[in-house]
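Listed below are the residues making up each chain.
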Amino acid sequence: MRIPTKRKFGLAHLLFKGISQEALGKIGIAIIIIFGVMALVSPFVINIDPDVYDPLIGVDPLIFSSQGPTLTHPLGTDHLGRDVFSQLLKGSQIAFLVGITVGLMATLIGTAIGLISGYFRGVTDSLLMRVTDIILSIPSLPLLIMILCVFEHRGIWVIVMVLGLTGWPITARVIRSQTLSLRERPFVKSARVSGASDWRIILIHIAPNVLPLTFLYMTIGVTYAILTEAGLGFLGFSDPTISSWGMMLQWCFSTGHTFKALYWMIPPGLSISLLALSFYLVGYSLEKEINPRLREP
Amino acid sequence: MGYLANRLIMTVITLFVILTVTFTMFRLMPGDPSIFFISPQMSTETIARIKAQFGLDQPIHKQFTNYLGSILHGNFGHSFFYKRPVLEVIGERLLNTIVLFLPAAIISYLVGVSLGRYMAWKRGGKSEKVLIFTGLSFWTFFVPWLGLLMIWVFSYKFGLFPVGGMITPDKWLPGSSVLVKTLDLLHHLVSPLACYVLTWFAGNMLVMRNSMLETIGEDYILTVRAKGLSERKIRNKHAARNAILPVVTAFSMSIAYSIGGCVLLETVFSWPGIGRTMVDSVLLRDYPLAQASFILIATVVLVTNLITDILYAYLDPRIRY
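Residues numbered from 1 in each chain as written. Chains lettered and ligands numbered in written order. Predicted model: local features only at pLDDT ≥ 70, side-chain atom pairs only at ≥ 80, totals over all residues.

Caption draft 1: Summary view of the overall build of chain A. From N to C terminus, chain A includes 12 helices and 0 strands. Projecting the C-alpha coordinates of chain A onto the three principal axes gives extents of approximately 75 × 45 × 35 Å. The buried share of chain A, reckoned over its 297 residues, is 49%. Once local pairs closer than 6 in sequence are excluded, the contacts in chain A between residues at least 24 apart make up 71%. (Helix = DSSP H or I, 4+ residues; strand = E, 2+ residues; numbered from the N terminus. Buried ≥ 20, exposed ≤ 12 C-beta atoms within 10 Å, placed from the backbone. Contact = placed C-beta atoms within 7 Å.)

Caption draft 2: The overall build of chain B, seen in detail. What chain B contains, in helices and strands, is 11 helices and 0 strands. Taken from the N to the C terminus, the helices and strands of chain B come in the order α-α-α-α-α-α-α-α-α-α-α. Dimensions of chain B, computed from the C-alpha atoms along their principal axes, are close to 85 × 55 × 40 Å. Buried residues in chain B amount to 39% of all 321 residues. Taking the intrachain contacts of chain B between residues at least 6 apart in sequence as the baseline, contacts between residues at least 24 apart amount to 72%.

Caption draft 3: Structural context of the interface of chain A and chain B. Across the contact, 39 residues belong to chain A and 45 residues belong to chain B. Looking at the side of chain A that touches chain B, the elements that each hand over two or more residues are α5 (122–137), α6 (140–150), α10 (198–235) and α12 (262–290) of chain A. For the side of chain A that touches chain B, the element with the highest residue contribution is α12 of chain A, accounting for 9 residues. For the side of chain A that touches chain B, the class distribution of residues is 28 nonpolar, 8 polar and 3 charged. (Nonpolar A, V, L, I, M, F, W, Y, C, P; charged D, E, K, R; others polar.)

Caption draft 4: Structural context of the packing of helix α4 (residues 84–120) of chain A against α12 of chain A. Residue and element names in this part refer to chain A. Orientation of α4 relative to α12, taken along the N-to-C sense of each, is 20°, at an axis distance of 11 Å. Accordingly, the angle class assigned to the pair α4 and α12 is roughly parallel. Between α4 and α12 lies a crossing of right-handed hand. Here α4 contributes Val-84, Leu-88, Gly-91, Ser-92 and Ala-95 to the contact with α12, which in turn contributes Tyr-263, Trp-264, Pro-267, Pro-268, Ser-271 and Leu-275. (Axes fitted to C-alpha atoms, helices over the stretch in contact; angles between N-to-C directions. Parallel < 35°, antiparallel > 145°, perpendicular 65-115°, else oblique. Left-handed = near helix turned anticlockwise from the far one by under 90°.)

Caption draft 5: Just α5 of chain A, in detail. Taking 1.5 Å of rise per residue, 16 residues should cover 22 Å, and α5 of chain A covers 23 Å from first to last C-alpha, within 8% of that figure. Residues of α5 of chain A that are buried include every one of Thr-132, Leu-136 and Ser-137 of chain A, and no others. One side of α5 of chain A carries all its buried residues, which in axial view fall inside an arc of 125°. The exposed residues of α5 of chain A that point more than 90 degrees off its buried face are Val-123 and Leu-127 of chain A. Next to the buried residues of α5 of chain A lie α8 (169–182) of chain A together with α1 (2–27), α9 (231–268) and α11 (287–315) of chain B. (Expected span 1.5 Å × (residues − 1). Arc of directions from axis to C-beta.)

None of the figures reported here should be taken as evidence of function without further support.
Below, the structure written as C-alpha cells:
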C-alpha cells in the first residue's frame, strides 16, 4: 500500500488556478512577461549599433547632453549622451537576475530552516528561531550600505549574497509553523509508524505540501530583492558598471535632471515599481488559492 | 512578566550581535585597523599618539572590550569630516529621524488597521478590490521615486510644499514664536510623511484583512451576533480585538524593512536625519560617523520592536502567564 505523499493537486495546478481566476494575478503575469521580453531582447537591441545602444559606453557622438525622445533614442538620452531605452532594457535583465537569484536563495534557506526547526523541535528549534529573530531585527538596507562601505569593491554579487543571506527569516517562520501542524497529520504519523526515517519524512512527505507557501514567499522575496537593490542603486552604492534601474535614477537625480528630463526620470522608477508590483500580485492571487477563507464569498 | 524579560534579553543580545558585526566588518577592511580612527590628513605625531591611546597594538579581544566599553559610555570617536565628537553630530540628527519615523509608524499602523477592518467586514464589492490594488501598488512602489514624484507635483509644479529640508532658516531666527517654528516644521514634514505612510500602510491593511477574515469565521462571533449586538460593536470590540494580534507581529517585522525606506526618503527630501547622515558619511569615508549612524539606526529598530512587543503583551493576556 502506497502512503500518499501529497495532496491531490500539486503546485503547478495551484499556480495555474490561482492566477487564472484572479484578475490581479493575470495583470501580474502580464507585466512580468512584458519585462521578461525586454530582458531577453536586450542583447539584440544593443548590438544594433554599439556606438549608440550600449547602455554604459554607447555614447551617441552627435549628442552631448540629455536630450528628449527621438527616433534613434525612443526615450531620449542621459547627461552623457547614452541611450535611456537600452539602459532600461539592460536594467530589466539585472532586475530579473538579482530578483530571482535572491528569491531562490532566501526561499531555499528559509524553507530548509523552517522544515528542520518545525520538524525536530526542541533545542534545535529554539536556537534556530533565536537566530531568525536576531536577523529579522537587523535592517537590511543600512547593513548593506555598511558592508559596501567596508568592501570598496562594488560588485552586484556582494549585494545578491547579502540579500539572499538576510532575506530568509520570514519564510523560515512561516514554513516552520506550517511544518509544526503538518507533522501531526495522519499521513506523517503513518509514515513514521511504518519506519520511514526523519529525513525521508521531511523531504518526501512534508516538503511537497509546504511548497505552495514556499512559492508564495519566493514572490515576496523577489519583490524585496528588486526594491532593495534599486534602493541601493539610487543611493549610488550599487555596481557602477551596470545600468540597473536604481542607478539610472541616481544619475538623473544627482545631475539635477529630475524635473528637466521626465523621459529619463519616469521610466526607471515606473519599471521598478511595476515589476515589484507584478510579483506581489502573483503572490497575492496564489495566497487566495492557498487560503480558502480569503476567497470571494 | 517572563515574556517581556525574554524580549528584553533578546534585544540586548541582538544589539551585542550588531556591535560585534560592525566591529568585525571594520577590522576586516584591507589595511590597518587604524584606518578607523586615523584620518589620512592628520600629522604623524597625532597618528602615533592616537595609536597609543586607542591601543591599536593590543590583542583583538582587548580591542573589542575597549570598543564595547567606549560605546556604552557614548564615545563613538571623532568624526573625520566634522572634526567633532561623533556623539555631538549624531545627537541632533537622531531626533530629526524620530520626528519623521515615529508619526509615520503610528499613522500607517492606524490607517492600515482601520482600512483592513473595514474591508474584511464589507466582503466583496468594488471598494475592496480598489483598496487592495491601491494598497499593493503603494506597498511595492519604489520609495525614492514616489518621493521624486511628490516633489515634482506638489513642490515644483504647484509650489504647495517645500522641495526638501526640515526647516526654513528665516523662520527659525531667534525671536520667532514657537507657533511659527512648529508650523514651519509641519509644513516641511507633510511630503516625506505622506510618502512614508503611503508606502507602509498596505502591509498592515492586508494582514489585518486576512486576520479579520479568519476571526469572523469563529464561533464566538456567531454567539455575539445571536446576542444581538450592533454590527459596529461586533466588528470593533470582538472581531478586531482578536484579529489584531497577528497584525502587531507583522508590524514588528516590517519595522526593520521600513527603516530602509526612511534612509531613502531622507536622501530624497534632504531631511537631516540619521539615515542621510549614514549615507553621506559612507560617501565621505567618515568611518566613525558611518559606524555610529548604523548602530543608532539598528537601535531605533530594536527599541521600536521592544515597544511593539510590550503592546502585544498588553493586547494578548495569554502570553503574560
